[in-house]
Amino acid sequence: MGVIISVYGGIGQGLLWAVLGIGVYLTFRILDFPDLTAEGTVSLGCAVGLQFINEDISPLIATLLAALIGIFAGLCTGLLHTKLKIPAVLSGILTMIALYSINIRIMNGGTSVSIQSSQSILAPLKNAFMDMGMERQIATHTSTAVVGLTACALVIALLYWFFGTQVGAAMRATGSNERMCRAQGIDTDSMKILTLCLSNGLIAMAGALVAQHMSYGGTNVGTGSIVMGLAAIILGEAFMGKRSPFYVKLALVALGSVLYYIIITLIIFYGLLLPTDTKLITAAMVVLAISLPRFRRLARIALDRLGFGKADKKEKFMMEPQLRANQKIEFKR
Amino acid sequence: MLQLDRVVKVFNEGTVNEKLALDGVSLDVGENDFVTVIGGNGAGKSTLLNVICGLHAPTSGTVSLNVDGVEINLSKMLEHKRAKYFGRVFQDPMMGTAATMEIQENLALAMLRGDRRNLSRALKKKEASFFQERLAQFDLGLETRMSSKVGLLSGGQRQALTLLMATLRRPRLLLLDEHTAALDPKTAAKVMEITCELTAEQRIPAVMITHNMKDAIKYGNRLIMMNEGQIIYDVSGEEKSSLHVRDLLLRFEQASGGELANDRLLLA
């Protein structure tokens with residue numbers, strides 16, 4: 001029974017973090033820009049959201065304000081990269097490290113802030129569920145899942161609409177082929193900045209939501225978040241078909257985030273490892289997911305040489321682009 | 001219509017790798033011109049197109065365009081802003097289209113060349129059928145694959161699509177940078193046929209770089225030969241249409257001081 005409740009909690013957490021996964025998906029996959037700002041932006045979202053709540057601003061508005069402030073972090077990285085020509089990875093790292101100091105300023109010199117759990121966006125829902133006769137823990141988990149699901153649904157709907165517009169299409173094209181875009185009159189610099197703003201807005205929102213769930217947040221919450229987002233994307237992509245519509249892809253990233261949290265919850269629940277080991281597990285998961293196709297191919301070649309090969313030539317040929325797509329995660333520049 | 005006035009382009013100025021790519025090029029492309037450009041490697045052909053389209057800013061000199069009687073100085077205008085005047089097709093078939101997007105999405109992007117993009121739908125139903133009609137003209141079977149990803153198309157199909165994208169909104173000038181060089185002879189001929197069809201249909205002036213001397217003579221009404229960043233031969237009309245590959249080789253040898261044309265030119 002205990003394990004089921006824990007996994008249920010993990011699902012809720014996964015849904016809250018899914019907003020981060022979707023934000024990371026925009027930069028990594030659509031723009032093809034490894035944006036490391038995320039680490040700082042998550043903590044920024046935590047700090048801003050919680051501080052506003054401590055100022056007695058409604059948790060919903062505090063969450064939206066956190067998203068708004070997150071946009072500026074993306075703007076900063078975007079300007080560093082496009083106007084000052086700083087390489088993508090370095091631009092993100094610079095903003096991330098600058099945010100560390102800024103976040104501590106926001107938190108009045110501390111490295112973390114906390115709120116009463118009754119102040120969070122989850123509290124009214126949790127109380128309602130408890131009034132309906134749910135047990136305290138189950139009510140907490142249910143409210144987390146409901147808020148997470150709502151946030152994901154809204155974000156996915158908004159992005160699906162946006163990427164179908166003229167500006168959204170120009171953004172996708174910028175990630176696909178920059179030179180062609182400029183030949184078609186698209187200002188690729190603006191499109192990059194816009195994508196980074198959108199992505200970091202979402203990431204800060206995820207930070208604010210997660211912080212409210214924990215009633216606590218600070219500079220350490222963001223650590224490793226970029227790799228976590230990647231893990232969610234890679235897990236989600238395992239279910240993606242080539243012709244999956246865009247909203248399905250985003251939903252699968254959210255599912256990937258949920259799966260990731262279920263795995264982490266189970267590892268911690270059975271006491272296999274310390275909670276602090278999760279970062280190591282996350283890194284290992286990403287490495288494994290990226291290198292798996294390579295190993296599979298090596299195994300197939302070995303089998304072929306030994307005369308056990310099943311795949312005929314055509315099948316192997318068809319396999320190639322997929323393999324290449326899977327390996328396309330390496331950092332550019 | 002398009003005027004280049006003593007355009008100089010120096011790459012890596014002040015370093016050991018300094019390279020004078022364009023050495024005071026003056027050129028006037030008329031409203032009815034289809035100019036073919038030939039020359040050896042490093043003669044400055046591609047740089048010429050890149051200075052026109054704004055990829056490179058000229059070191060000195062001006063590029064200007066006459067738009068409906070108004071002279072517009074392009075020298076300070078950014079590449080994506082100039083895009084409304086120029087249609088471009090590159091040598092690399094991968095360069096002109098977005099591989100991860102659908103055929104119709106690519107065309108929808110091209111349909112907005114020069115316009116401000118807003119938050120209305122990128123792909124409208126009415127446009128989609130218009131795109132389909134236009135593609136059907138080429139007889140490549142692309143009209144039935146409107147929602148296929150462009151990455152699945154062959155090089156020739158992609159060049160044909162890029163050509164359509166470049167001319168979907170009539171450009172003031174079409175810039176073709178060896179756009180058939182990466183294709184096999186049969187496909188190259190088909191793409192050239194489409195090029196002629198599209199430019200004739202909308203009366204679009206064009207500048208086409210080619211390594212193929214026969215093509216340079218066969219197509220267009222004017223031929224330019226470049227060497228070491230300068231235009232060394234500019235011929236049009238009667239005189240151009242009566243040219244032979246032999247004449248061009250002779251010209252080239254005279255101009256470049258007796259040097260033989262490079263292998264690619266000879267083999268073409």
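The rules we used
- Residues numbered from 1 in each chain as written.
- Chains lettered and ligands numbered in written order.
- Predicted model: local features only at pLDDT ≥ 70, side-chain atom pairs only at ≥ 80, totals over all residues.
- Heavy atoms only, no water.
- Helix = DSSP H or I, 4+ residues; strand = E, 2+ residues; numbered from the N terminus.
- Rg over C-alpha atoms; globule rule 2.2 N^0.38 Å.
- Buried < 20%, exposed > 50% of the residue type's maximum accessible area, 1.4 Å probe, protein only.
- Contact = heavy atoms within 4.5 Å.
- Pairing = 2+ DSSP bridges.
- Axes fitted to C-alpha atoms, helices over the stretch in contact; angles between N-to-C directions.
- Disulfide = S-S within 2.5 Å.
- Core = buried A, V, L, I, M, F, W, Y, C linked by side-chain atoms within 4.5 Å.
- Domains from an automatic or database assignment.
- Buried area = accessible area lost by both parts, 1.4 Å probe.
- Salt bridge = Lys/Arg side-chain N within 4 Å of Asp/Glu carboxyl O.
- Polar contact = N/O pair within 3.5 Å; in protein donor to acceptor, adjacent residues only side chain to side chain.
- Nonpolar A, V, L, I, M, F, W, Y, C, P; charged D, E, K, R; others polar.
- Patch = residues over 30% accessible without salt bridge, like charges linked within 9 Å, V, L, I, M, F, W, Y side chains within 5 Å.
- Areas by Shrake-Rupley, 256 points an atom, 1.4 Å probe, with all protein chains shown as cover.

Colleague: Even after reading the chapter, I still don't get the overall build of chain B, so can you show me in this structure?
Modeller: Within chain B one finds 10 helices and 10 strands. Computed over its C-alpha atoms, the radius of gyration of chain B comes to 19 Å, within 12% of the 18 Å expected for a compact globule of 268 residues. With respect to the three principal axes, the spread of C-alpha positions in chain B is 60 × 40 × 40 Å. Residue burial in chain B is summarised as follows: out of 268 residues, 52% are buried. Residue pairs in contact within chain B that sit at least 24 positions apart in sequence constitute 68% of those at least 6 positions apart.

Colleague: Looking at this model, I keep getting lost on the sheet that holds strand β6 (residues 86-89) of chain B. Mind explaining?
Modeller: Sheet strands associate in pairs through backbone hydrogen bonding, adopting either a parallel or an antiparallel arrangement. All names here are of chain B. Ordered by their spatial adjacency, 6 strands build an open sheet running β6-β7-β8-β3-β9-β10, and the pairing between neighbours is mixed. Two strands in the sheet have a free side with no partner beyond their single neighbour: β6 and β10 (230-236). Across this sheet, the average inter-strand angle for adjacent strands is 15°, counted without regard to direction. Relative to β10, strand β9 (residues 222-227) is paired through 6 bridges, and the arrangement is antiparallel. Bridge pairing in β10 links Arg 222 to Ser 236. Strand contacts of helix α5 (residues 155-167): β6 and β7 (173-177), with the helix running at about 175° to β6, the strand carrying the most contacts.

Colleague: Could you clarify how one ought to interpret the state of the cysteines in this entry?
Modeller: Covalent bonding between the sulfur atoms of two cysteines is what defines a disulfide. Summed over all chains, the structure comprises 0 disulfides over all chains. Sulfur of Cys152(A): no disulfide; nearest cysteine sulfur belongs to Cys46(A) and is 17 Å away. Unpaired in terms of disulfides, Cys181(A) finds its nearest cysteine sulfur in Cys53(B), a separation of 15 Å. A relative accessible area of 0% means that Cys181(A) is categorised as buried.

Colleague: How should I be thinking about the nonpolar core in this particular structure?
Modeller: One broad trend across soluble globular proteins is that nonpolar side chains are buried collectively. Core analysis: the largest hydrophobic core is formed by 112 residues, its most contacted members being Leu159(A), Leu107(B) and Leu135(B). Take this core: its biggest share by element is 13 residues, from helix α1 (residues 2-31) of chain A. Of the domains in this structure, domain 1 (2-272) and domain 2 (278-333) of chain A are the two that each give at least three residues to this core. Setting aside anything within four residues of it in sequence, one finds Leu107(B) in contact with Phe131(B), Leu135(B), Met146(B), Leu161(B), Leu164(B), Met165(B) and Leu168(B). Grouped together as the second largest cluster of nonpolar side chains are 29 residues, Val37(B), Leu74(B), Tyr85(B) and Ile209(B) included.

Colleague: Explain the interface of chain B and chain A here, please?
Modeller: Interface size is commonly expressed as the accessible area that is lost once the parts come together. Between chain B and chain A, the contact holds 35 residues from the first and 22 residues from the second. Counting the surface chain B buries against chain A, the share from its top three residues, His80(B), Arg117(B) and Leu119(B), is 24%. Where chain B meets chain A, there are 2 salt bridges. On the surface where chain B and chain A come into contact, there are 12 residue pairs in polar contact (both at pLDDT 80 or more). Going through the elements one at a time, α2 (79-82), β6 and α3 (103-111) of chain B are the ones with two or more residues in the side of chain B that touches chain A. For the side of chain B that touches chain A, the leading source of residues is α3(B), giving 4 residues. For the side of chain B that touches chain A, the per-class residue count stands at 15 nonpolar, 11 polar and 9 charged.

Colleague: For this particular structure, what's the right way to read a nonpolar patch on the surface?
Modeller: All names here are of chain A. Taken together, the side chains of Leu 68, Ile 69, Ile 71 and Phe 72 define a hydrophobic patch exposed on the protein surface, amounting to about 350 Å² of accessible area. In this structure, Ile 69 sits in helix α3 (residues 59-82). Overall, Ile 69 belongs to the partly exposed group, its relative accessible area being 33%.

Colleague: How should I be thinking about the domain arrangement of chain A in this particular structure?
Modeller: All names here are of chain A. The domain architecture assigned to chain A consists of domain 1 (2-272) and domain 2 (278-333). With centres defined by C-alpha atoms, the gap from domain 1 to domain 2 works out at 29 Å. Buried area between domain 1 and domain 2, both sides added, is near 1,500 Å², and the carbon and sulfur share of it is 74%. Viewed at the interface, domain 2 and domain 1 are joined by 0 salt bridges. On inspection of domain 1 and its partner domain 2, the count reaches 2 residue pairs in polar contact (both at pLDDT 80 or more). Breaking the side of domain 1 that touches domain 2 down by element, the ones donating at least two residues are α1, α10 (225-237) and α11 (246-269). Of the residues belonging to the side of domain 1 that touches domain 2, the class tally is 15 nonpolar, 3 polar and 3 charged.

Colleague: I would appreciate a short explanation of the sheet that holds strand β5 (residues 70-73) of chain B in the present structure.
Modeller: All names here are of chain B. Judged by pairing direction, the sheet is antiparallel, and its 4 strands sit side by side in the order β2-β1-β4-β5 without closing on themselves. In this open sheet, the two edge strands, each paired with only one partner strand, are β2 (19-29) and β5. Shown here is a sheet whose adjacent strand axes are inclined to one another by a mean of 25°, direction ignored. In the sheet, strand β1 (residues 2-11) pairs with β2 via 8 bridges, with the strands oriented antiparallel. Paired with Gln 3 across the bridge in β2 is Asp 28.

Colleague: How should the side chain of Ser75(B) be read in this particular structure?
Modeller: Residues and elements named next belong to chain B. For Ser 75, the location among the structural elements is in the loop between β5 and α2. Within the structure, Ser 75 has its side chain in polar contact with the backbone nitrogen of Val 63 (distance 3.1 Å). Setting aside residues no more than four positions away along its own chain, Ser 75 makes contact with Gly 61, Thr 62, Val 63 and Arg 82.

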